[in-house]
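# A structural walkthrough
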Amino acid sequence: MFLIILKSKSPFAKSIITRTCTKPGRWYSTTGNKHYDIIIAGGGMIGTTLACTLGKNPLLQNKRILLLEAGKEKAWALPDKYTNRVVSINPGTHKLLNSINAWKHIENNRFAIVKRLQVWDAVSDASITFGDQTSPEDVSYIVENDLLIAAVNNELKQLDNVKVQYSAKVTDYHLPEYHESSSSVRLDDGNTYSCELLLGCDGVNSQVRKAMKVNYLTWNYDQMGVVATLNLSELTDSLSSLVWSTTPDHAKELLKMTEDQFVDAVNNAIWKNYGRSLVVDQATKTFDTLLRLMNCPSDTVRQFPPKIAKIEEGSRAAFPLGFGHAVNYIGKGVVLVGDAAHRIHPLAGQGVNLGFGDITCLNRVLGNTVHSGSKLDNLSYLKEYETERQRHNIPTMLAVEGLHRLYNSDFTPLVLLRSLGLQATHALSPLKNAIIHQAAT
Amino acid sequence: MLKPFCSRLLKIRSLASVTAGTIDNQEVQHFEKFLAEWWDEFGPMKPLHSMNKLRVPLIRNGLLNAAAVNSEEMKNPLVLKGISLLDVGCGGGILAEPLVRLGGNVTGIDANSNTIDLAKSHAKINKLEINYIASSIEDHASNHTDSYDAVIASEILEHVSKKEQFLEACIKCLKPQGSLFITTINKTFLANFLGIVMGENILNLLPKGTHQYEKFIQPVKLQRILEDNNCRTELIHGMFYNIFTNTWHWCTDTSVNYALHAIKLKKP
Ligand SMILES: Cc1cc2nc3c(=O)[nH]c(=O)nc-3n(C[C@H](O)[C@H](O)[C@H](O)COP(=O)(O)OP(=O)(O)OC[C@H]3O[C@@H](n4cnc5c(N)ncnc54)[C@H](O)[C@@H]3O)c2cc1C
């Protein structure tokens, strides 16, 4: 179970972001002009932010960008209640959103500062806590997915060099062969567009990735992530966001329960020490002594888990969880960004931050490419993006994967490892700092 | 470094008939194949493609430091707008094209008319305006005195016998205060070993006879010639080529490949 304690800020702010129709830019009035410098396939959090970031890069000001999103254009208004789809924004992502001016729209609405990020192990009494409450630097911010997209869209619609097309589902991708120099896409309405560089931001089941025929390492956990927004009893304005990974059957049960029953189930899971055995206890104690001998600060004061008072109405949902890694992020005339390139367990809440890190890097690399007079699809520049991002993403993915494996076995020796592992991370603060540092970049 | 190799490839087939409009399918196919190979980032010309990562910023920043480019323009994609550049020994245009994309007004000359045809057709495909001329630098200089903001002689000097004459002609084309950019190979044991013994005889990266050791030139010798022609050397950087990753790096060691930026002084 994964629980984020957050303190909400300006929870019901008055100002509302509204969206008007994207105004057509000066190039697009001419019919038949269907070539773009860059086409971005998929307008989720990553595709939308990428379009806005590239559109605002002064070195790319002469480039024409098209963003294609299968979904309908939605008018957005701040809902009364926190929605259950939220992401934690790390300092790197915060900086990116600030640089494109989107953060101010989020600030004017609502977000939460995460003071503490705690993970409870339901099997033993070990817990892991990130973030020092006395430190002025916040570990991360919690923002609703829809608010984030609306905030970025607010900036995006002011850009003349980016055209956004909704209800535009791509049915076919054609990537350039050896002698060709452009990629093309066909939409379900029959229209085709070509471009120098195609950016695949079309999520976990990326069709762009399939067209690249790149090796993709993937597995399903046979688990569902049950998400919900909860109210804590200790602090009245304290909301918390829950991701509970569990079996598909149990997830179904959790969704069917009444809201009161669900609150009981969460409290039970946090407080009840099922599966606790003598072996685990003994090993934990031994490990504690070992830490003291090594002069490591021992973790004697344990955080008591909070009591959940109620659940925000209608905030429950379940999603399948999986792992995925594209061996290559780039190909001739094409780049993968965000979940299309990598997918991790939401355990540490880092999924989308990896994607935002991709955006920062790709924006810099494409700027350098243009600044050296090279074409956007120059592979030796794009390779820099792939190398830099894989060097960061792969260790993060493996660390989260390791954490997940630690949590997900009821087999005693593994349970035991889990308790020891967690306690070690808690006590050895340099290691914990290293994890936070890795998560922040 | 590879220019003579490819020129030789091209000489095997006379391309004049293609450009003259004679319809000969086989010739056209060969021409397209050469065009594709020349422009393949990972083809036989790959060291020249990857060298752009060093030499384009060298030229861009060199012109900025020499105040030919306004520093406020640095964030502008057309940073070389209004600057006239002459690429001497332009080959198929691997360096000329990025300079045009940066807004530069580029003239490319090459003594080999076949490569000029190749360069022209590639620029046309890419819708780039480049003034390509089949000419020697000496001929070009005779009617282009004090004409260019920058003259570039990249990977050509090591194939020239009469260096003084060649450089004199390059400098003649430059406006006073204009910038001369050169990349070439040093005359050292190491350059001889890596370039000729390893490159041509052992690894067969280049055809035998591509380079002749006598034609390599030491940076001090080059500087001396430039000084004699009223030019001040601004910088000399070593360049290192990693053949396994096909990447170039700047380094302090100038014993193999090096780059030089000099400025033509006002008339004394
Ligand atoms: C249960 C759960 C909890 C999570 N919690 C967190 C968290 O706390 N923190 C965190 O950082 N991350 C979290 N994540 C991960 C996060 O949601 C993803 O990393 C993020 O949404 C990826 O964004 P994206 O834009 O790359 O992909 P997506 O959001 O999947 O967007 C892809 C877009 O492409 C469009 N598209 C797809 N195909 C086509 C097509 N053919 N033509 C046109 N458009 C197309 C889709 O309509 C969609 O809008 C969680 C994920 C899950 C499942």
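Residues numbered from 1 in each chain as written. Chains lettered and ligands numbered in written order. Predicted model: local features only at pLDDT ≥ 70, side-chain atom pairs only at ≥ 80, totals over all residues. Heavy atoms only, no water.

## Some thoughts on the overall build of chain B
Heads up, the condition is: Under the DSSP-based scheme used, a helix requires at least four consecutive residues in state H or I and a strand at least two consecutive residues in state E, with every element numbered from the N terminus. When a residue's accessible area, from a 1.4 Å probe over protein chains only, is under 20% of the maximum for its type it is buried; when over 50% it is exposed; and in between it is partly exposed. Residues are treated as being in contact if the distance between any of their heavy atoms lies within 4.5 Å. Each accessible area value is a Shrake-Rupley result obtained with a 1.4 Å probe; residue values ignore everything except the protein chains displayed when judging cover.
Per the secondary structure count, chain B includes ten helices and eight strands. Looking at the 268 residues of chain B, the share that counts as buried comes to 53%. Taking as baseline every contact in chain B between residues at least 6 positions apart, the subset at least 24 positions apart corresponds to 70%. Surface accessibility of chain B: about 12,300 Å² in total, with carbon and sulfur atoms responsible for 53%.

## Quick look at the pattern of salt bridges
Residues and elements named next belong to chain A. Put simply, the rule is: Think of a salt bridge as a Lys or Arg side-chain nitrogen and an Asp or Glu carboxyl oxygen that are within 4 Å of each other.
Per the stated rule, a full pass over the model turns up eleven salt bridges over all chains. Between lysine 56 and glutamate 155 there is a salt bridge; the shortest N-O distance is 2.5 Å. Here lysine 56 is found in helix 1 (residues 45–56), whereas its partner glutamate 155 is found in helix 4 (residues 145–156), with 99 residues between them in sequence. Of the charged contacts, one joins lysine 383 and glutamate 386 as a salt bridge, the two residues approaching to 2.6 Å between their closest N and O atoms. Taken together, the residues span about one helical turn, with lysine 383 and glutamate 386 both in helix 10 (residues 379–407) at a distance of three residues. Residue class for glutamate 386 comes out buried when judged on its relative accessible area of 3%. Each of Lys56, Lys104 and Glu155 takes part in salt bridges that share partners, so that together they form one network.

## A closer look at the side chain of lysine 264 of chain B
With respect to the helices and strands, lysine 264 of chain B occurs in strand 8 (residues 257–264). Leave out the neighbours within four places in its chain, and lysine 264 of chain B touches Asp146, Ile171, Lys172, Leu174, Lys175, Pro176, Gln177, Gly178, Asn230 and Cys231 of chain B.

## Some details on the UniProt feature "domain: Methyltransferase type" (unreviewed entry) in chain B
Put simply, the test is: UniProt positions are given in the numbering used here, feature names are shortened, and annotations may be inferred rather than shown by experiment.
UniProt records the feature "domain: Methyltransferase type" (unreviewed entry) for residues 86–182 of chain B in the present numbering. For residues 86–182 of chain B, helix accounts for 37% and strand for 30%, while the C-alpha atoms at its two ends are 12 Å apart.

## Some thoughts on the site of the ligand
Residue and element names in this part refer to chain A. This is how the line gets drawn: Whether a residue is near a molecule or strand depends on its heavy atoms: it is near if one of them lies within 4 Å of it. Any pair of N or O atoms that falls within 3.5 Å is considered a polar contact. Within protein, one atom must be able to donate a hydrogen and the other to accept it, and sequence-neighbouring residues count only if both atoms are side-chain atoms.
Around the ligand lies a shell of 28 residues, among which Ile46, Glu69, Val170, Asp339 and Val352 are the nearest. At 3.0 Å from an oxygen atom of the ligand is found a main-chain nitrogen or oxygen belonging to isoleucine 46. One nitrogen or oxygen atom from the side chain of aspartate 339 is found 2.7 Å from an oxygen atom belonging to the ligand. Protein contacts shield 82% of the accessible area of the ligand, which totals 1,000 Å² for the unbound molecule.

## Some words on the interface of chain A and chain B
Basically, it comes down to this: Buried area is understood as the total, over both parts, of accessible area removed when two parts are fitted together, assessed with a 1.4 Å probe.
Every contact between the two is made by 17 residues of chain A and, on the other side, 19 residues of chain B. Here chain A packs against chain B, burying approximately 1,500 Å² in sum over the two surfaces, 53% of which is carbon and sulfur. On the chain A side of the interface with chain B, the three residues burying the most area are Tyr178, His371 and Gly373 of chain A, jointly 34% of the side's total. Along the contact surface separating chain A from chain B lie one salt bridge. Lysine 53 of chain B is the salt-bridge partner of glutamate 384 of chain A, the closest N and O atoms lying 2.7 Å from each other. The tally of links from chain A across to chain B stands at seven residue pairs in polar contact (both at pLDDT 80 or more). Contributing elements (two or more residues each) for the side of chain A that touches chain B: helix 9 (351–371) and helix 10 of chain A.

## Brief notes about the nonpolar core
The condition that has to hold: What we call a nonpolar core is a set of buried Ala, Val, Leu, Ile, Met, Phe, Trp, Tyr and Cys residues that are connected through their side-chain atoms within 4.5 Å.
Residues Leu148 and Leu198 of chain A are the most contacted members of the largest nonpolar core, which totals 76 residues. Of the residues forming this core, the biggest block, eight residues, is contributed by helix 9 of chain A. Residues in contact with leucine 148 of chain A, not counting those within four places in the same chain, are Met45, Thr49, Val87, Ile89, Leu97, Ile106, Val143 and Phe356 of chain A. Of all hydrophobic cores here, the second largest spans 32 residues; its members include Met74, Ile116, Ile130 and Tyr241 of chain B.

## Focus: the environment of lysine 264 of chain B
Residue and element names in this part refer to chain B. Owing to a relative accessible area of 9%, lysine 264 belongs among the buried residues under this scheme. With 33 residues separating them along the chain, lysine 264 and cysteine 231 place their C-alpha atoms 4.4 Å apart. Side-chain polar atoms of lysine 264 contact the backbone oxygen of isoleucine 171, separated by 2.9 Å.

## Some remarks on the UniProt feature "binding site: S-adenosyl-L-methionine" (unreviewed entry) in chain B
All names here are of chain B. Within this numbering scheme, the UniProt entry marks Arg55, Gly89, Asp110 and Ser154 as carrying the feature "binding site: S-adenosyl-L-methionine" (unreviewed entry). Within the secondary structure layout, arginine 55 lies in helix 4 (residues 46–65). In contact with arginine 55, not counting residues within four places along its chain, are Leu48, Ile94, Leu95, Ser154 and Glu155. Here asparagine 52 takes part through its side chain, which lies 2.9 Å from a polar atom of the side chain of arginine 55. By secondary structure assignment, the location of glycine 89 is in the loop between strand 1 (84–88) and helix 5 (96–101). On the basis of relative accessibility, which here comes to 5%, the residue glycine 89 falls in the buried class.

## Points about a nonpolar patch on the surface
Residue and element names in this part refer to chain B. The criterion, for reference: To count toward a patch, a residue needs a relative accessible area above 30% and no salt bridge. Like charges then connect within 9 Å, nonpolar side chains (Val, Leu, Ile, Met, Phe, Trp, Tyr) within 5 Å.
Taken together, the side chains of Phe189, Leu190, Phe193 and Leu194 make up a nonpolar region of the molecular surface, amounting to roughly 390 Å² of accessible area. By secondary structure assignment, the location of leucine 194 is in helix 9 (residues 189–202). Here leucine 194 falls in the partly exposed class, since its relative accessible area comes to 41%.

## Observations concerning the side chain of glutamine 390 of chain A
Residue and element names in this part refer to chain A. Relative to the helices and strands, glutamine 390 is located in helix 10. Take glutamine 390: its relative accessible area is 15%, and that puts it in the buried class. Here valine 327 takes part through its backbone oxygen, which lies 3.0 Å from a polar atom of the side chain of glutamine 390. Apart from residues no more than four positions distant in its own chain, glutamine 390 is found in contact with His325, Ala326, Val327, Asn328, Tyr329 and Pro395.

## As for the pairing of strand 6 (residues 231–242) of chain B
Residue and element names in this part refer to chain B. Stated precisely, the cut-off is as follows: Strands qualify as paired when DSSP identifies two bridges or more between them.
Pairing between strand 6 and strand 8: eight bridges, direction antiparallel. If you follow methionine 239 over to strand 8, its bridge partner there is asparagine 257. Bridge count for strand 6 against strand 7 (residues 247–251) is five bridges, and the pairing is antiparallel. For glycine 238, the partnering residue across the bridge sits in strand 7 and is cysteine 251. If you look at the hairpin formed by strand 6 and strand 7, you'll find four residues sitting between the two strands, and asparagine 246 has a positive phi there, around 55 degrees.

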